[in-house]
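# Overview (structure and organization)
Okay, here's what each chain looks like letter by letter:
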Amino acid sequence: MSVPAVSTDSGRRAPQSDPLRSRSFALLLAGLGISLFGNLMLRFAMSMWVLDETGSAAAFASILTASVIPTIVLSPLGGVLADRMNRRTIMVALDATSAAIVLACALVFSVTGFNLAAIAAMQVTLAVLDAMETPTVQAALPQLFREHGEETMRRAMAAVNMVNQAGTLVPALLGGVLYSLVGAAPMMRIAVAGFATAAVVECFIQLDAPDRSGQRSSSPVDDMREAARFLTRERPHIFRLLLICGALNFLVTGYAEVGFPYMVRTLLGFDAGAYGVAYALVGVSGLVGALAGGMVASRLSMRRFPLTILAFALTILPQALAMMLPVPATVRLAALTAGTCGTMVSICISNLISVPAIQMSCPEGLTGKVMSLALSCSLCAQPLGQITYGLAYGALPAGVVLFATFALALLCAVPVARVADRFEA
């Protein structure tokens, strides 16, 4: 696919029919997808290896849980770096470091065999590096497309979401087959190749260092203070939107990541095959949501944000009714799967509205820090949602938990409407 020449001036480029056809954006998507594929293949291989060697799924779950705290603490550092250094350089360095870490651990395993401590150290380190890369990518998008407007930003976010969803689905579908055929060690080599290839691809993205004109901060601590002052004093509506997104992530994580597998496998008693089909459908729905959002990007604005939250709430109500009424298990499974698919579509579209609105409302020199704070808020909400819903499903009927989620989602629509009005003002 031929594209017009790209300028190296922070995303400014010669006129072209579609800004998303730029070479730099294609390379960014390719690097992101390849890196994500390697990361998830590695995570799948390590989970299967730990399960085979220890017989305990809780062992690997505890490793992932342990990675949350350093990720929350250190992800703002990624935002600081993204606003101080060339974002291409950061992406290349993070993926190259990930490749080196996995390669070093593979050499350790070739000598020692299974080593739970090394697996834990590797997964925690990779989780931190991934959390630092996320705000970098999110800050690079407005640098590439700010001058083309918010609609282009939403389309770019939709493309990124499609890559994320596809990068999640493919390892989930291939991981089991590959692990059964070749084991963990070759899958680690696949991960090393993926990270290294992503680093090479990202070397050719054309981005200048971010514009820091008007920024008074001289240290990382000053950077974060300036970002906090921007959110709390200059643009408090952005801060409120970050909190709302964290609350929504709390609900979605708890009900979808904890409740969905618990209800399908434990309460309804379906086997792993049925759950795998349902899980795949939910994953595909996220891809559909990103595609649909990109197609209607011109009609997405903050005034439609409350509608997506109402749609999210309405996807939960049929699930609550199915779990409360005396209907067959297959009907309940269909309601849970269809409802969760609807949730993925509505949340995907809501993200396509809210995230570009935040990015476009920030000065270029603050985008990385603000997005890193958004990531930290989201990461804090995830374990809270998992723990809360785990306790709730253990103490209450599933239908009651789902109905409470429906009610809370409806309540979220009120502050969402107020914040949307402020953005549209």
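Quick caveat: nothing in here was measured; it's all calculated off a predicted structure. (Residues numbered from 1 in each chain as written. Predicted model: local features only at pLDDT ≥ 70, side-chain atom pairs only at ≥ 80, totals over all residues. Heavy atoms only, no water.)

## Regarding the overall build of the chain
Within the chain, the regular secondary structure consists of 14 helices and zero strands. Element order for the chain, N to C, with α for helix and β for strand: α-α-α-α-α-α-α-α-α-α-α-α-α-α. Considering the chain as a whole, with its 425 residues, one finds that 51% of them fall into the buried category. Within the chain, residue pairs in contact and separated by at least 24 positions form 84% of the contacts whose partners lie at least 6 positions apart. Surface summary for the chain: the accessible area is close to 17900 Å², and the carbon and sulfur share equals 67%. (Helix = DSSP H or I, 4+ residues; strand = E, 2+ residues; numbered from the N terminus. Buried < 20%, exposed > 50% of the residue type's maximum accessible area, 1.4 Å probe, protein only. Contact = heavy atoms within 4.5 Å. Areas by Shrake-Rupley, 256 points an atom, 1.4 Å probe, with all protein chains shown as cover.)

## Some points on the packing of helix 4 (residues 87-112) against helix 7 (residues 184-202)
Their axes nearest at 8 Å, the elements helix 4 and helix 7 cross at an angle of 160 degrees. Taken together, the axis directions place helix 4 and helix 7 in an arrangement best described as roughly antiparallel. In this structure, the crossing between helix 4 and helix 7 has a hand that is left-handed. Seen from helix 4, the contacting residues are Arg88, Met91, Val92, Asp95, Ala96, Ser98, Ala99, Val102, Leu103, Cys105, Ala106 and Phe109; seen from helix 7, they are Met188, Ala191, Val192, Phe195, Ala196, Ala198, Ala199 and Glu202. Here the contact of helix 4 with helix 7 is composed, by residue class, of 16 nonpolar, one polar and three charged. (Axes fitted to C-alpha atoms, helices over the stretch in contact; angles between N-to-C directions. Parallel < 35°, antiparallel > 145°, perpendicular 65-115°, else oblique. Left-handed = near helix turned anticlockwise from the far one by under 90°. Nonpolar A, V, L, I, M, F, W, Y, C, P; charged D, E, K, R; others polar.)

## Comments concerning the nonpolar core
Considering soluble globular proteins, one finds that nonpolar side chains tend to be buried as a cluster. Among the nonpolar cores identified, the biggest contains 80 residues, and Phe25, Phe312 and Leu402 are the most heavily contacted of them. Here Phe312 is in contact with Leu248, Leu251, Val252, Tyr255, Thr343, Ser346, Ile347 and Ala409, once residues within four sequence places are set aside. Formed by 29 residues, the second largest nonpolar core is a distinct cluster that contains Val50, Ala118, Ala139 and Met187. (Core = buried A, V, L, I, M, F, W, Y, C linked by side-chain atoms within 4.5 Å.)

## A closer look at the packing of aromatic side chains
Within this structure, the stated rule accounts for eight aromatic pairs. Between Trp49 and Phe114, the ring centres sit 5.3 Å apart and the planes meet at 85 degrees, which makes this aromatic pair edge-to-face. Taken together, the positions of Trp49 in helix 1 (residues 23-54) and Phe114 in the loop between helix 4 and helix 5 (116-145) put the pair 65 residues apart, joining distant regions of the chain. In this structure Trp49 comes out as buried when scored by relative accessible area, which is 15%. (Phe/Tyr/Trp six-rings, centres within 6.5 Å; stacked < 30°, edge-to-face > 60°.)

## What about the environment of Gly246?
Structurally, the position occupied by Gly246 is in helix 9 (residues 236-267). On a C-alpha basis, the gap between Gly246 and Leu375 in space is 8.9 Å, while along the polypeptide they are 129 residues apart. In contact with Gly246, not counting residues within four places along its chain, are Cys377 and Ala381.

## Regarding the environment of Val284
Of note, Val284 is situated in helix 10 (residues 272-295). With relative accessibility at 39%, the residue Val284 sits in the partly exposed group. In sequence terms Val284 and Leu169 are 115 residues apart; their C-alpha atoms lie 7.6 Å from each other.

## Quick notes on the pattern of salt bridges
Within this structure, the stated rule accounts for two salt bridges. A salt bridge links Arg87 to Asp83; the nearest nitrogen and oxygen atoms lie 2.9 Å apart. Both residues of the pair, Arg87 and Asp83, belong to the buried class. The partner of Lys369 in a salt bridge is Asp83, and the shortest N-O contact between them spans 3.0 Å. Separated by 286 residues along the polypeptide, Lys369 in helix 13 (residues 367-395) and Asp83 in helix 3 (residues 68-84) bring together distant segments of the chain. Through salt bridges with shared partners, a single ionic network connects Asp83, Arg87 and Lys369. (Salt bridge = Lys/Arg side-chain N within 4 Å of Asp/Glu carboxyl O.)

## What about the environment of Thr134?
Mapping Thr134 onto the fold places it in helix 5. Between the C-alpha atom of Thr134 and that of Gly78, which follows or precedes it by 56 residues, the distance is 8.0 Å.

## What about a nonpolar patch on the surface?
Together, Ile69, Val73, Leu74 and Leu77 make up an exposed nonpolar region whose accessible area comes to about 360 Å². The exposure class of Val73 is exposed, given its relative accessible area of 55%. (Patch = residues over 30% accessible without salt bridge, like charges linked within 9 Å, V, L, I, M, F, W, Y side chains within 5 Å.)

## Description of helix 9
In this model, helix 9 (32 residues) spans 43 Å end to end at C-alpha, consistent with the 46 Å of a helix rising 1.5 Å per residue. Gly269 sits one or two residues past helix 9 and shows a positive phi near 75 degrees. (Expected span 1.5 Å × (residues − 1).)

## Details of the confidence of the model for the chain
Confidence along the chain averages 82 in pLDDT terms, with 89% of residues attaining 70 or more. Of all helices and strands in the chain, the one with the weakest mean pLDDT is helix 2 (residues 57-66) (64), whereas helix 11 (residues 305-324) scores best (93). Every residue in residues 1-15 scores below 50 in pLDDT, and together they form 29 contacts with partners more than four places removed in sequence or on other chains. (pLDDT = per-residue confidence, 0-100.)

## Topic: the packing of helix 12 (residues 329-360) against helix 13
The interhelical angle for the contact between helix 12 and helix 13, taken along N-to-C directions, is 145 degrees, at an axis separation of 9 Å. Contacts from Val355, Ile358 and Gln359 in helix 12 reach Thr367, Val370 and Met371 in helix 13. Looking at the contact of helix 12 with helix 13 residue by residue, the classes come out as four nonpolar, two polar and no charged.

## So, the side chain of Asp95
Along the chain, Asp95 turns up in helix 4. Among buried charged residues, Asp95 stands out as having no salt bridge; its nearest opposite-charge side chain is Arg88, 12 Å away. Looking at Asp95, its side chain comes within polar contact range of the side chain of Ser35, at 2.8 Å. What Asp95 contacts, discounting residues up to four positions off in sequence, is Ser35, Glu133, Phe195, Ala198, Ala199 and Glu202. (Lys, Arg positive; Asp, Glu negative; His and termini not counted. Polar contact = N/O pair within 3.5 Å; in protein donor to acceptor, adjacent residues only side chain to side chain.)

## Here we look at the side chain of Ser24
Assignment of secondary structure puts Ser24 in helix 1. A polar atom in the side chain of Ser24 sits 3.0 Å from the backbone nitrogen of Gln206.

## Quick word on helix 8 (residues 220-234)
Given a rise of 1.5 Å per residue, 15 residues ought to cover 21 Å, and the 20 Å separating the end C-alpha atoms of helix 8 matches this to within 8%. Turning to helix 8, its buried residues are Asp223, Glu226, Ala227, Phe230 and Leu231. Summarising the axial view, the buried residues of helix 8 lie within an arc of 130 degrees, below the 170-degree limit, and thus occupy one face. Opposite the buried face of helix 8, at more than 90 degrees from it, the exposed residues are Val221, Arg225 and Arg233. Packing partners of the buried residues in helix 8 comprise helix 3, helix 9 and helix 13. (Arc of directions from axis to C-beta.)

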